[in-house]
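# A structural walkthrough
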Amino acid sequence: MKKDFDVVVVGGGMVGLATAALLAQSPCRGHLRITLLDAGKKPQFSIDNEVGLRVSAISRGSMHILQNIGVWQPILGLRASPYRSMRVWDSRGSVEGPDTLHFDAAEFAVPELGCIVENVLIQDALLRRLESMDVEVRFASPIASISMASDKSLIDIQLQAGRSISADLLVGADGAASLVRESAGIPVRTWRYPQSAFVTHVIPARHHEDTAWQRFLKEGPLALLPLGDGRVSVVWSTTPDKADSAMSASDVELAAMLEQASDEVLGKLTIAGSRGSFPLKSQHAERYVMPGLALVGDSAHAVHPLAGQGANLGIADAAALATVVSEALLRGEHPGDLPTLRRYERERKGANKTMLHFIDALNRLFLNDSEAAANLRGAGMRLFNRSGPIQRRAVQVALGVNV
Ligand SMILES: Cc1cc2nc3c(=O)[nH]c(=O)nc-3n(C[C@H](O)[C@H](O)[C@H](O)COP(=O)(O)OP(=O)(O)OC[C@H]3O[C@@H](n4cnc5c(N)ncnc54)[C@H](O)[C@@H]3O)c2cc1C
């Protein structure tokens, strides 16, 4: 069977685009013909458009990877909002209380803990980079299924449009409902939460002080993430009923709901953005790889947004897979060989699993309204605050502040 491409990436979200760009700039690029297919419309960023509703807290680790791809400076030059502090507290206490977790960039000798960036801006920057590297990206090209070619050395990808293409390596970056994963028969473990994430932007009466604020309520955390124009991006994990009410409330009603949920930490709020709501779950694929196939990003693992980790874990997957594939090519190995791909799985699956379980446990601990759980939270936060090196290491891992 004739091979059309060396690598086909399915999914043009932040993770699929980053994977394609990292592979395209590998030292073996001369050997690699890469294409990326996405079911949706081409994402387009314009500085004249409103700040997009979907933003991500991008860790310093991800900033470093995006820098290596050559897109971080263009992103910074457009609309990235650094955050220099974080405050996390329980609704049973107050933001000024002894149990509040407080981290500052200065403690870690870095200029910022991370940056809040619009998802569409990251995608747009990566797309421009791929264009400059002559990687073909096709939107409105949903795939229908995948199969192993008869000679077992190639993967065959059937497009909904009717034709098929073949490749040595298929990268599934097609999100949490991944068809690549399903077609490959890779089982996934799912944890459903009685929560949806409601998102919007607001203007706070008090300046956000370049701080990411997070208050844990009994139905889930409310995050207020600083934007460069003085607004804050709200991510409110709450019951699906409350998220529905927030979607249909008037601006005045919604502002009152968010002021109550935030304990007015930034004073009165004025709604200044569109709204969205997303049902929440965590999931983890049992395997990330098969011969000729690797999963990256949300297709491999989806996490609760409370720690702002989903895209960051996916970008780290992209970097690990690109390194493993490049090294294999340099050794003259086939990029879709299972031993090669297992190196990627070994590097990422354990780390992702640890983060997924940690975030899941944190969410459950805060969802538990019993006195015992509240005491445990308070004691845990106090202990963590005083734990010095442990606290330092945990923040370094979570925020990637050691790079
Ligand atoms: C409210 C909320 C807040 C969040 N905040 C943060 C944060 O602060 N920091 C952070 O790191 N993460 C955050 N996340 C998580 C983050 O958004 C995701 O982890 C990340 O977007 C996943 O990227 P991806 O590229 O893997 O998948 P996706 O963004 O889901 O992209 C998948 C792509 O695959 C395409 N596709 C799907 N099916 C097909 C098909 N059959 N054929 C072809 N293409 C297909 C889709 O069109 C899509 O473009 C948040 C998530 C939520 C819900």
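Use the structure listed above.
Computed from a prediction, not measured in an experiment: that's the story for all the values here. (Residues numbered from 1 in each chain as written. Predicted model: local features only at pLDDT ≥ 70, side-chain atom pairs only at ≥ 80, totals over all residues.)

This part covers the overall build of the protein chain. Scanning the protein chain from N- to C-terminus turns up 11 helices and 20 strands. Relative to its full complement of 403 residues, the protein chain shows a buried share of 48%. Within the protein chain, contacts between residues at least 6 apart in sequence are counted, and of these 75% link residues at least 24 apart. (Helix = DSSP H or I, 4+ residues; strand = E, 2+ residues; numbered from the N terminus. Buried ≥ 20, exposed ≤ 12 C-beta atoms within 10 Å, placed from the backbone. Contact = placed C-beta atoms within 7 Å.)

As a further point, take the pairing of strand 11 (residues 164-172). In terms of burial, strand 11 is largely enclosed, as seven of its nine residues are buried. Judged from the four bridges that link them, strand 10 (residues 155-159) and strand 11 form a sheet pairing that is antiparallel. Considered in strand 11, the bridge of I157 is made with I165. Hairpin connection of strand 10 to strand 11: four residues between the antiparallel strands, including G162 at a positive phi of 115°. Bridge count between strand 11 and strand 19 (residues 293-295): three bridges; the pairing is parallel. Looking at strand 19, one finds that V171 is bridged to A294. (Pairing = 2+ DSSP bridges.)

A18, A20, L170, V171, A294 and L321 are the most contacted members of the largest nonpolar core, which has 117 residues in total. With 13 residues, helix 8 (residues 310-330) is the single largest residue contributor to this core. For A294, the residues in contact, after removing those within four places along its chain, are L169, V171, Y288, V289, L321, L341 and Y344. (Core = buried A, V, L, I, M, F, W, Y, C linked by C-beta atoms within 7 Å.)

The next thing to look at is the environment of S282. As for its position among the elements, S282 is in strand 17 (residues 276-285). Each C-alpha atom of the pair S282 and I65 lies 25 Å from the other, and the pair is 217 residues apart in sequence. Filtering out sequence-adjacent residues up to four positions away, S282 remains in contact with W191, A302, V303, H304, L356 and D360.

What follows concerns helix 1 (residues 14-24). The element helix 1 is extensively covered by neighbouring structure, given that 11 of its 11 residues are classed as buried. Of all the positions in helix 1, only M14, V15, G16, L17, A18, T19, A20, A21, L22, L23 and A24 are classed as buried.

In a pair of packed helices, the angle between the axes and the distance between the axes together describe the arrangement. Two elements in contact, helix 2 (residues 60-69) and helix 8, have axes whose closest approach is 9 Å; the angle formed by their N-to-C orientations is 40°. In this view, helix 2 runs oblique relative to helix 8, as classed from their interaxial angle. Classified by chirality, the crossing of helix 8 by helix 2 is left-handed. Here helix 2 contributes G61, S62 and I65 to the contact with helix 8, which in turn contributes N312, I315, A316 and A319. Residues belonging to the contact of helix 2 with helix 8 are distributed by class as follows: four nonpolar, three polar and no charged. (Axes fitted to C-alpha atoms, helices over the stretch in contact; angles between N-to-C directions. Parallel < 35°, antiparallel > 145°, perpendicular 65-115°, else oblique. Left-handed = near helix turned anticlockwise from the far one by under 90°. Nonpolar A, V, L, I, M, F, W, Y, C, P; charged D, E, K, R; others polar.)

Right, let's get into the site of the ligand. Taken together, 32 residues lie near the ligand, and G11, G13, G175, G297 and G310 sit nearest. Those elements that place two or more of their residues in the shell around the ligand are helix 1, strand 3 (55-59), strand 12 (188-204) and helix 8. Take the shell around the ligand: its biggest share by element is four residues, from helix 8. Of the residues in the shell around the ligand, the class split is 16 nonpolar, 13 polar and three charged. (Near = placed C-beta within 6 Å.)

All we've got here are geometric facts, nothing functional implied.
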